[in-house]
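# An overview of the molecular structure
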Amino acid sequence: MRNAEYARLLAQTAALIEISGGNVYRVRAFQKAARTVEKLPISLEEAMNDGPLTRLPGIGKSIAADLVSIRDSGSFELYNELRQSLPDGILGLMQVQGLGPKKVKALYTHLEVGDLASLEKAVEDGTIAQLPGFGAKTQDNIRREIARLRRQAGRRPLPMAIMVAGPIVEALRAVEAVERAEVGGSVRRRRETVKDVDFVVASTDPEAVMEAFVNLDGVREVIARGSTKTSVILDGEFQADLRVVAPEAFGSALHHFTGSKEHHVELRKRAKSMGLKISEYGVFKVDAPEGTPPVASRTEQDVYAALGLAWIPPEMRENTGEIAAAEADALPSLLSAADIQGDLHMHTTASDGSHTIAQMAEAARDFGHKYIVITDHSQASVVANGLGPDRLRQHMIDIDAANEAIDGIEIKKGIEVDILKDGSLDLPGDLLDELDYVVGSVHASMKQDRQTMTERLLKAISSGHIHALGHPTGRLLGGRDPFEFDFQAIIQACLKHRVALEINASAGRMDLKDEHARLAAQAGVPLVINTDSHTTTGFAQIHFGVGIARRAWLEPHHVLNTLPWDEMMNWYKGA
DNA sequence: GCCGTTTTCGGCCCGACTGTTTTCAGTCG
């Protein structure tokens, strides 16, 4: 069973306990355990074999036993009891914005509303407005939210959110009353999926900012409007929250609205032990009289310094050890996009790209790259017009010619060779060895079982003919699930055979995930960050890959293509 | 339910907004 399945059961248990009115801290415990399991980079079942699960944060004796029970029977006692006492569809009600556990419970006990369909019927009948604690407005809001849920639900890929957020933050900066405006939230942390977009603004005239905000292009509907906080729905169904604070509180506000929740919970515990408390308005002494100015608030650096910590980059704020690292002054010097010297994975009109070798090379050079590798598809990718040996030979000549003709960038010969069903490569080894750089990728038969897929990848990695494993898990963001394999075994093989793992930065993939990249780097396997560009505009997507790398705590030395070409090749030679 | 160089018991982050209330509960992030 996948980790996501275990996590789902724990998270559902949390929601069911909440609805049945159980202890809120018990709820939180299940939520935290669910997060831990979800973020675990290796399979939970492997972790069980390696030792007691209680070593994982937020998992104690009781939940560890529940997880074993899930493995053995697919479920556990508490979960079964809760499911029997409540209708199946009740968890769906919690998806409706504005409905929490208390309201869901009331709907169920008084109106026998147990799923979205019956909720909708109750709304149309007008019976909801009669319930104590409910009214006409609540009923209207529920009707609107059901409709919105139907149109669009859940988290969506980061690149979509960035496209929506960028123009809005620019528009805010152009507003007269705005001194500073930044995007916060999970967009700033570069989480791979995003539910809503947060904007933080410094201004001495909040009312003017709110007025400008609700009238911006792209703002479709106002959900809530106050003097410091306004929530709207943007085109594309993203919810956006705007917070406006005084300029002297901008740092603490930006920090607050960047999150993550888990990072803040840890920081606040720490603050408490120091006699301090943290809010969006600053870090305050607990025993100071009302109205005393904060100890820190102007910048994020000030906020962290007040807690005895170095400034922590947003991408690391997930409570995965960054606070201890900041305390010990042992934070990594994270990679940035400027460190990337070349792109090792891209396509041209020879296979399924839109531009020629020369066009891609010039665009890459203008983007700032020192070298690129042209890696078109191999013959097995028929729909992508993949290259067989004869066409590849001609392609090699064309690449050399382009390299001669174009100044300011080195153009290297490569291929993205298919790793076939049985783990063999789609082109002869001696031909591959004539190339400068070979990316090996899985493009078909992705539904193989874990064991078969693992053996398939191991065979390719140990072939001696590939330099990097391309888009290692095959997932498409919001589309195709990653395929399953033994990641630890792959790491060990990459280490042994000197194969790098790719962080594929293209907006639709973002593959590897940050947890995996971090694990690989810790084991000593180098990463490469590539865009897999199919057009001249693709190179800018490197930023998405760099975001993943930063979330994985990677420094420049973890990433091969931060090196000049010759130095990079030295690693492959074992030098 | 989890956790612990102040603790194995007693804590567990903090504040804004809405809607339904006549001072606050519920929800959200």
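Here we come to the packing of helix 20 (residues 450-461) against helix 21 (residues 487-497). Describing two packed helices takes the angle between their axes plus the distance from one axis to the other. It is the contact of helix 20 with helix 21, at a shortest axis distance of 10 Å, that shows an interaxial angle of 10°. In this view, helix 20 runs roughly parallel relative to helix 21, as classed from their interaxial angle. In this structure, helix 20 uses Thr-454, Leu-457, Leu-458 and Ile-461 to contact helix 21, whose residues at the interface are Ala-489, Ile-490, Ala-493, Cys-494 and His-497. Split by residue class, the contact of helix 20 with helix 21 holds 7 nonpolar, 2 polar and no charged.

It is worth spelling out the packing of helix 2 (residues 24-39) against helix 4 (residues 61-73) at this point. Axis separation between helix 2 and helix 4 bottoms out at 11 Å; the angle between their running directions is 55°. In terms of orientation, helix 2 and helix 4 fall into the oblique class. Both helix 2 and helix 4 take part in a crossing whose hand is right-handed. Contact with helix 2, carried on its side by Ala-29, Phe-30, Ala-33 and Val-37, involves Ile-63, Asp-66 and Leu-67 of helix 4 and no other residues of that element. Of the residues assigned to the contact of helix 2 with helix 4, the class counts are 6 nonpolar, no polar and 1 charged.

Our focus in this paragraph is the protein's contact with DNA strand B. Near DNA strand B lie 48 residues; those nearest to it are Arg-28, Gly-60, Gly-135, Arg-268 and Lys-272. The protein-proximal atoms of DNA strand B, defined as those within 4 Å of the protein, are 83% sugar or phosphate. A distance of 3.2 Å separates a phosphate oxygen of DNA strand B from a polar atom in the backbone of Ile-63. Here Arg-225 contributes a backbone N or O atom positioned 2.8 Å from a phosphate oxygen of DNA strand B. Of all the secondary structure elements, the ones that give two or more residues to the surface near DNA strand B are helix 2, helix 4, helix 7 (101-111), helix 9 (136-151), strand 5 (219-225), strand 7 (239-245), helix 14 (261-273) and strand 8 (276-279). Ranked by residue count, the leading element in the surface near DNA strand B is helix 2, at 5 residues. Per-class residue counts for the surface near DNA strand B are 16 nonpolar, 15 polar and 17 charged.

Here we come to the domain arrangement of chain A. For chain A, the assigned domains read domain 1 (1-82), domain 2 (87-151), domain 3 (157-245), domain 4 (246-331) and domain 5 (337-573). Here the C-alpha centroids of domain 1 and domain 5 sit 36 Å apart. On the side of domain 5, 8 residues touch domain 1, which itself brings 7 residues to the contact. Overall, the association of domain 1 and domain 5 removes approximately 640 Å² of surface from exposure, summing both partners, and the carbon and sulfur fraction of that is 46%. Per-residue buried area on domain 1 facing domain 5 is highest for Arg-2, Pro-41 and Glu-46; these three make up 70% of the total on that side. Remark: the boundary between domain 1 and domain 5 carries 2 salt bridges.

With mixed pairing, 5 strands are arranged side by side in an open sheet as 2-4-7-6-5. One side of each edge strand has no neighbouring strand; the edge strands of this open sheet are strand 2 (180-183) and strand 5. With direction set aside, neighbouring strand axes in the sheet form an average angle of 20°. Examined bridge by bridge, strand 4 (residues 196-202) and strand 7 share 7 bridges and lie parallel to one another. The residue bridging Ala-202 from the neighbouring strand is Val-245, located in strand 7.

This brings us to unusual backbone geometry. Gly-259 connects to Ser-260 through a cis peptide bond whose omega is -5°. Tracing the chain through its elements places Ser-260 in the loop between helix 13 (250-256) and helix 14. Residue Leu-512 is bonded to the preceding Asp-511 through a cis peptide linkage, with omega at 20°. Here the phi dihedral of Asn-385 falls at roughly 60°; this positive angle occurs in a residue that is not glycine. Relative to the elements of secondary structure, Asn-385 occurs in the loop between strand 11 (371-377) and helix 18 (389-405).

Our focus in this paragraph is the nonpolar core. Leu-67, Leu-119, Phe-199, Leu-501 and Leu-527 are the most contacted members of the largest nonpolar core, which totals 128 residues. It is helix 1 (residues 3-19) that contributes the most residues to this core, 9 residues altogether. Those residues in contact with Leu-119 that sit more than four places away from it in its chain are Leu-93, Val-96, Leu-99, Leu-107, Val-113, Ile-128, Ile-142 and Ile-146. The next biggest cluster of nonpolar side chains, apart from the first, holds 18 residues, and it includes Tyr-304, Ala-306, Leu-307 and Ile-323.

Let us look at the sheet that holds strand 12 (residues 410-418). Sheet architecture is open: 7 strands sit in the order 10-11-12-13-14-15-16, paired in parallel fashion. This sheet does not close on itself; its edge strands, each paired only once, are strand 10 (342-343) and strand 16 (527-530). Looking at chain direction, strand 15 (residues 500-504) and strand 16 are connected through 4 bridges and run parallel. Within the sheet, the bridge partner assigned to Asn-504 lies in strand 16 and is Asn-530.

Definitions and limits used
Residues numbered from 1 in each chain as written. Chains lettered and ligands numbered in written order. Predicted model: local features only at pLDDT ≥ 70, side-chain atom pairs only at ≥ 80, totals over all residues. Heavy atoms only, no water. Axes fitted to C-alpha atoms, helices over the stretch in contact; angles between N-to-C directions. Helix = DSSP H or I, 4+ residues; strand = E, 2+ residues; numbered from the N terminus. Parallel < 35°, antiparallel > 145°, perpendicular 65-115°, else oblique. Contact = heavy atoms within 4.5 Å. Nonpolar A, V, L, I, M, F, W, Y, C, P; charged D, E, K, R; others polar. Left-handed = near helix turned anticlockwise from the far one by under 90°. Near = heavy atom within 4 Å. Polar contact = N/O pair within 3.5 Å; in protein donor to acceptor, adjacent residues only side chain to side chain. Domains from an automatic or database assignment. Buried area = accessible area lost by both parts, 1.4 Å probe. Salt bridge = Lys/Arg side-chain N within 4 Å of Asp/Glu carboxyl O. Pairing = 2+ DSSP bridges. Core = buried A, V, L, I, M, F, W, Y, C linked by side-chain atoms within 4.5 Å. Buried < 20%, exposed > 50% of the residue type's maximum accessible area, 1.4 Å probe, protein only.

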